[in-house]
Amino acid sequence: MSTIAKKHNITIDELKKWNNLQDNTIKLESKLKVADIRISEEKETIAPRSEIKNVEYIVQKGDNLGSIAKKNNVAVSDIKMWNDLTEDNIQLGDKLIVAKKLIVDTNQAVAEKSSKKDKLSKAEREDDHYYVKKGDSLFSIAKKYPGVSVSDIKKWNGINGNSLKPGMKLKING
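Only a predicted model underlies this, so the values are computations on that prediction, with no experimental measurement involved.

(A) Representation of the pattern of salt bridges. Scanning the entire structure with this criterion turns up three salt bridges. Residue Glu 56 pairs with Lys 95 through a salt bridge whose shortest N-O separation is 3.8 Å. Of this pair, Glu 56 sits in strand β1 (residues 49–58) while Lys 95 sits in strand β2 (residues 95–105), and the two are 39 residues apart along the sequence. Of the residues examined, Glu 56 reaches a relative accessible area of 47% and is grouped as partly exposed. Asp 88 is the salt-bridge partner of Lys 80, the closest N and O atoms lying 2.9 Å from each other. The partly exposed category is assigned to Lys 80, whose relative accessible area is 21%. When its relative accessible area of 48% is taken as the criterion, Asp 88 is described as partly exposed.

Encoded structure:
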């Protein structure tokens, strides 16, 4: 256990607590939780997607950096930086970045939110039970239910160790 704890920069006590271990004995090929990461699903799903887009301008006859900067309410130095210009010379027809705009897509956030709610199929949610699938762990199942911990699932189902078998029906929510 000390080797595992050192490798993951955690204490043996944390390792024991997160995996509900009474002593320092672990079985070969046991799956162990090596971090206590708590992600708020609501915060994760509501965050809108955003990106910075360039606003471009095509140099017209009679334009200079000063007039372009004034039209776009930015500094000449910003236009030069965004376009990697070392001098003030520009040519008719040049395409210049004249602003950086933050685009927030709230539609994606809504779509993501609804897809998160569909994470568990109807059969898996039925009567507050979960059917174990191959590759599931107590930790991965607990993450699917906000507010449910590994120890809750163990207590509600009379599980002592960490072993699960595909097809097991686990009671969720007491």
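Read on, since the account is not over.
(B) A look at the nonpolar core. By size, the foremost hydrophobic cluster in this structure holds 13 residues, and its most contacted members are Leu 138, Ile 141, Tyr 145, Ile 153, Leu 164, Leu 170 and Ile 172. Mapped onto this core, the elements with two or more residues apiece are α8 (138–143) and α9 (150–157). Ranked by the residues each element gives to this core, the list is headed by α8, at three residues. With sequence-adjacent residues up to four places away left out, Ile 153 is seen in contact with Leu 138, Ile 141, Ala 142, Val 148, Leu 170 and Ile 172. Counting residues in hydrophobic clusters, the runner-up holds nine residues, among them Tyr 57, Leu 65, Ile 68 and Leu 96.

Conventions we followed
Residues numbered from 1 in each chain as written. Predicted model: local features only at pLDDT ≥ 70, side-chain atom pairs only at ≥ 80, totals over all residues. Heavy atoms only, no water. Salt bridge = Lys/Arg side-chain N within 4 Å of Asp/Glu carboxyl O. Helix = DSSP H or I, 4+ residues; strand = E, 2+ residues; numbered from the N terminus. Buried < 20%, exposed > 50% of the residue type's maximum accessible area, 1.4 Å probe, protein only. Core = buried A, V, L, I, M, F, W, Y, C linked by side-chain atoms within 4.5 Å. Contact = heavy atoms within 4.5 Å.

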